[in-house]
Each structure stands twice: as structure tokens, then as C-alpha cells.
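Examination of the molecular architecture
These are the residues of each chain, in order.
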Amino acid sequence: MPTSSRPDRPAARSGGSSAAPLHAEAVLGGRVDPGQAVPASNAADEPAGLEEATQSLAPAVSPWADSLGRAGSRAAQTLLIAAVVAGLVWVLLRIKVVVIAAMVALILASAVGPVVKWLERRGWSNLLATLTAFLGILLLLGGVITGIVLTVRNQWDTLAAQAGEGWTELQRLLQSSPLPVDTASVDAALRRAGEFVSSGSFAGSALSGLSAAATFLTGLVLMVVILFFFLKDGEKMWNFTLRWFRGERRARLAESVDRGSQVLGGYVRGTALVALIDAVFIGAFLMVVGVPLALPLAVLVFVTAFIPVVGATVAGIIAALVALVTNGPGTALAVVGWIVLVNQIEGNVLQPVIMGRTLSLHALMVLLALTVGTLVGGIFGAILAVPYTAVAWAVIQVWTDSYQVGDDPVLGPDPVNPKDRVEAKATMAERWKYQRMRYQQALGGRFGATEKDAARQEDPGQDVSGDPVGGRDTDTDARRS
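Everything in this summary refers to the structure shown in the same document. (Residues numbered from 1 in each chain as written. Predicted model: local features only at pLDDT ≥ 70, side-chain atom pairs only at ≥ 80, totals over all residues. Heavy atoms only, no water.)

**Quick notes on the packing of helix α10 (residues 310-327) against helix α11 (residues 329-355)**
Two elements in contact, α10 and α11, have axes whose closest approach is 7 Å; the angle formed by their N-to-C orientations is 160°. Overall, the two elements α10 and α11 adopt an arrangement that is roughly antiparallel. Crossing geometry of α10 relative to α11 is assigned as right-handed. Note on element contacts: α11 touches α10 through Pro329, Thr331, Ala332, Val335, Val336, Ile339 and Asn343, opposite Ala312, Gly316, Ala319, Ala320, Ala323, Leu324 and Asn327. Split into classes, the residues belonging to the contact of α10 with α11 amount to 10 nonpolar, four polar and no charged. (Axes fitted to C-alpha atoms, helices over the stretch in contact; angles between N-to-C directions. Helix = DSSP H or I, 4+ residues; strand = E, 2+ residues; numbered from the N terminus. Parallel < 35°, antiparallel > 145°, perpendicular 65-115°, else oblique. Left-handed = near helix turned anticlockwise from the far one by under 90°. Contact = heavy atoms within 4.5 Å. Nonpolar A, V, L, I, M, F, W, Y, C, P; charged D, E, K, R; others polar.)

**Regarding the pattern of salt bridges**
One pass over the structure, following the stated rule, counts seven salt bridges. Among the ionic pairs, Asp233 bridges to Lys232, the shortest N-O distance being 3.4 Å. Residue Lys232 is classed as partly exposed on the basis of its relative accessible area of 26%. In this structure, the salt-bridge partner of Arg252 is Asp401, at a minimum N-O distance of 3.0 Å. Of the two residues, Arg252 sits in helix α8 (residues 247-289) while Asp401 sits in the loop between α12 (363-399) and α13 (428-438), which places them 149 residues apart along the sequence. (Salt bridge = Lys/Arg side-chain N within 4 Å of Asp/Glu carboxyl O. Buried < 20%, exposed > 50% of the residue type's maximum accessible area, 1.4 Å probe, protein only.)

**Some remarks on the packing of aromatic side chains**
Inspection of every chain in the model, using the stated rule, returns five aromatic pairs. Arranged with centres 5.5 Å apart and planes meeting at 75°, the rings of Phe228 and Phe229 form a pair that is edge-to-face. Residue Phe229 is classed as partly exposed on the basis of its relative accessible area of 40%. With a centroid separation of 6.0 Å and an interplanar angle of 80°, the aromatic rings of Phe240 and Trp244 are classed as edge-to-face. An aromatic cluster is defined as three or more aromatic residues linked by ring pairs; in this entry it consists of Phe134, Phe228 and Phe229. (Phe/Tyr/Trp six-rings, centres within 6.5 Å; stacked < 30°, edge-to-face > 60°.)

In C-alpha cells, the structure reads:
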């Protein structure tokens, strides 16, 4: 009868215990809980102080095993992640001009991209369709900026003269009113402002303004270049990116980009149309009541409409102040009432009809995004914060399956409208594309060849790991080929 190949456990040596050293070794190796009792053994065989030594070594084996240690390790991990994020934010702030230019170019490309695809479906070449859409958006933006500058410059003298007369009238009204307003303090503040303009400090600020203007022009040129390449080669760039992934990951990346482009493009097109309607109605009313600079104020309404919630309020305040100092309090009140009416029509009629549920963000999230964007990127940050926050929310929905949809018997109704979920915003063609990506290999399809696949096709004697099969000399085969 064959004997077992497993060697017998050695017998315990005299004068010592086998159980306690084995237990200490198991504790040091992490295989046994330090609090587990030592197996019973002959007390006479244990050397003096061995139990105390084992107990003193046990706490040093795993100092992070208790609840405080686990909390400390999580805190250290959180601090490390926060440091990495802070470093990344610092780097992005150092290249803020490049980041903002790329973000503006991406949002404009998402809005104009459908035009390029529509022209290509009509038989236009990619280059011709790109140039047409690119020049069209440049002419539109250039015309708006040029109109603002020319209109303000032509009517500035009239506005300054009327503002001076209006300020004198406002002082007289305030002095005769029961409001405790100290007009002398206001005059002193204006005088100090004039002294600052004529001082050297204002010259330094002007130089700083010139530097900011140079930075703005640099970012503008960079944005134009990036926009052209996004329109021309955007699909090629994304095709290149997706080829690094397969299966479920490729499908989710493709869906993330589709939903992000849908949010950005819908936001820009819808906001631009709503802003144009607001600017036309408010500008026409300002012209009717005789407020100077009605056209620049209408353009200001159009620009600030891209900042949700806050933009319309800021434009209304500026228009009311201009009407107050130039046409009197009656006209100012009429302007305020008209702007409130237009804003109500925008929020209750225009936004739901034109934009639908593009953003799908709570009002609190919009305000927080505006605040953070303004602090980080100024006016451009305020304009870009809300649409990119909506993109982030759409991407989160694509990559997570933890959210429990539908009504809950304990929590009650679902706070997220079914129309706001990402799966409701994908077309049938897009869903079929995502399914094909997920099951491309399982359904008999093949992926593009990797570099190893290409090398294997050129040399069939080489396996996946790169080693020659059957002892063939791959270097010799390569030289022969």
C-alpha cells in the first residue's frame, strides 16, 4: 500500500512548546486573528515570558485593523485624492486660456456640428461643409461683437450727457423724498473716482487691462483654430479614442459623448433662440419709450441670456438704471414691468417649448454651478458652468446603475422625471449602435486588429505573448520577409 507523500509533522521538541510559536508565527503572517486564544499546551514546556511576548507582538501586526485604523486609512486616502484633484485644478488654472478656448470651441462645435452633417448628407464634401459652417458661425459672432462696439461708440456721448442731467434730477428727487440718502457722500465717492482716473494707479490698471485684452485675443484665436478642427475631424478624433476600448466600456463612452453633444448643442441653440426673442422684445420696447442705447441694451440682453437665472436679472437692472437716469422714474418703472413680463413669458412658455428638458438640473444646482464657474473662470466660467454641469450629470447617469427608478413604497414618487433619464434621450439608431458595441464579439463580429494581431498575421509562428511557436526563429523569419 503506497504511503502518503505528505511529510509527517515534526514532533515537538523537548523543553519548548510547539503551539505558542506556531500561533505567534500565524499572527505575524496575518493568518490568525491576534485575539484568538492560543491552543492549550503543556505549561511546563512553555518558556518563561512567551505568552507576554506574543501578546505584545499582536497589536503591532495590524495597527489598521480596528475601527479607528480603518477610519484613518480612509482619511489618508481621501486626503491623497483631494491633493491630486487640487493639483489638477491648479494646473488647469495655469493654462486657463487653453482650457476655456477648448471648452468654448467644443460647445460651438456641438451646436454647429449637425449643420455639417446635414450638408454632407446633401452631397457636400467634408472640407466644404466644414468651411461653410465655420465661416457662418464666425460671421455671426463677428457681426454681434462689431455691432455692440459700433453702437456703443456712436451713442456714448449722448448717453453721457443725458446721464449727467438725469443724475442731477435724481439728486433733487432724493433730497425731496423722505428716504435717508446722503447725496453729499455719493458726490464725494464720484469725486474720488475721478481722482483715481487721473492718477498713476489708473494707468497701471489700464496696463493690466491691456494685458487682459492680449490674453483674450490669444484665447480667441486659439478657440477659432480648435473649432475648425473639431468641425472637420471631430468624428475621426473620437473614432481614434474609441478604438482603445471594447465591449461595454466602448458602448458607454460612445453614449457619454452622444449625450454630452446633445446637451451642449441643444443648450446653445435653444438659449440663442430664446435670447434673440428676449432681445427683440425688450429692445423694441426701449425704442418705443425713447431710452437711449436701446440697441446695445438689447444686445446686452442677448449676451446675458446665456447665464441662466442671473443674466436676465442683471440685464434688466442695467436697462432700468439707464431709463432712470435718462428718462425719469416713470419710464424706469415701465421698463422694469416690461422686463418682468418678458421674463415670465420666457420661463413659462419659451423655455419649455424651445429647449424642452435639455438641462434637467435643479435650480439649486444651477445657482451653485454659476457661483463656482464665476469664481474660477469669471464671465466665461459663468457662461460655461451650467451646460457642462448638465453634461457631467448626463455622463454620471450613463456610467452608474445604482439609481433606483420608479416609485418606492417607502420613499414615495421618483424625483427624477422619466423624460430626464439618459435612456429616454437616445434614438433607436443610437441604442442599436450601443448594443452592437456591447455584443460585437459575441455576435460573431470582429474588432479592429491590434498591433499584436497584425504582427501575428504577418508571422503565424508567433503566439500572443510574443514567443515563437514550435521553436521557430522569428527573427530569421522576419529577415526573410
